[in-house]
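# Fold and contact review
Residues per chain, in single letters:
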Amino acid sequence: MSGGLFRTDGGNKMSSGLDLSDPEIAAGWARVRDDADADAEFLLLTYASKNKLAVAAVGTLDGMSAVMVADNVYFGGLKHSDGTRTPNPSPTRTRTR
């Protein structure tokens, strides 16, 4: 079984080497996990410094692309329409053409 940065089932968590100590990260992910919070469908994290992540945004999927800036790296998780959540520990890079 593989782990994940946002793993909550008690299994082994992977280590990314990134500092996720900002309490806003845990608070944002808790909002995404809260099925009653309709305004928190995704959590985006970005680099605050070389090894430290910070919350870039928490919001609805309709507004997610508006907060993403070209040439920035994001990590995140989202709530599916069936209520499940998908953490995505892989970086995504937005590009302009």
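As a reminder, the structure under discussion sits directly above these lines.
Here the structure is a predicted model, which is why all the values come from computation and not from measurement.

## Points about the overall build of the protein chain
- Within the protein chain, the regular secondary structure consists of 2 helices and 4 strands.
- Listing each helix as α and each strand as β along the protein chain from the N terminus yields α-β-β-α-β-β.
- The burial tally for the protein chain puts 28% of its 97 residues in the buried class.
- Pairs at least 24 residues apart make up 43% of the contacts formed inside the protein chain by residues separated by at least 6 positions.
- Looking at the protein chain as shown, the accessible area adds up to about 6,200 Å², and 50% of this sits on carbon and sulfur atoms.

## What to know about the side chain of K79
- In this fold, K79 is placed in strand β3 (residues 73–79).
- Summary of buried charges: K79 has no salt-bridge partner, and the nearest side chain of opposite charge, D35, is 4.6 Å away.
- Polar contacts involving the side chain of K79 include one to the main-chain carbonyl oxygen of D34, which spans 3.0 Å.
- Polar side-chain contacts of K79 include one of 3.4 Å to the backbone oxygen of A40.

## Details of the pairing of strand β1 (residues 42–49)
- Pairing geometry for β1 and strand β2 (residues 52–59), over 7 bridges, is antiparallel. Each residue of the ladder has a partner; that of S49, found in β2, is K52.
- The loop that links β1 with its antiparallel partner β2 comprises 2 residues.

Rules used throughout
Residues numbered from 1 in each chain as written. Predicted model: local features only at pLDDT ≥ 70, side-chain atom pairs only at ≥ 80, totals over all residues. Heavy atoms only, no water. Helix = DSSP H or I, 4+ residues; strand = E, 2+ residues; numbered from the N terminus. Buried < 20%, exposed > 50% of the residue type's maximum accessible area, 1.4 Å probe, protein only. Contact = heavy atoms within 4.5 Å. Areas by Shrake-Rupley, 256 points an atom, 1.4 Å probe, with all protein chains shown as cover. Lys, Arg positive; Asp, Glu negative; His and termini not counted. Salt bridge = Lys/Arg side-chain N within 4 Å of Asp/Glu carboxyl O. Polar contact = N/O pair within 3.5 Å; in protein donor to acceptor, adjacent residues only side chain to side chain. Pairing = 2+ DSSP bridges.

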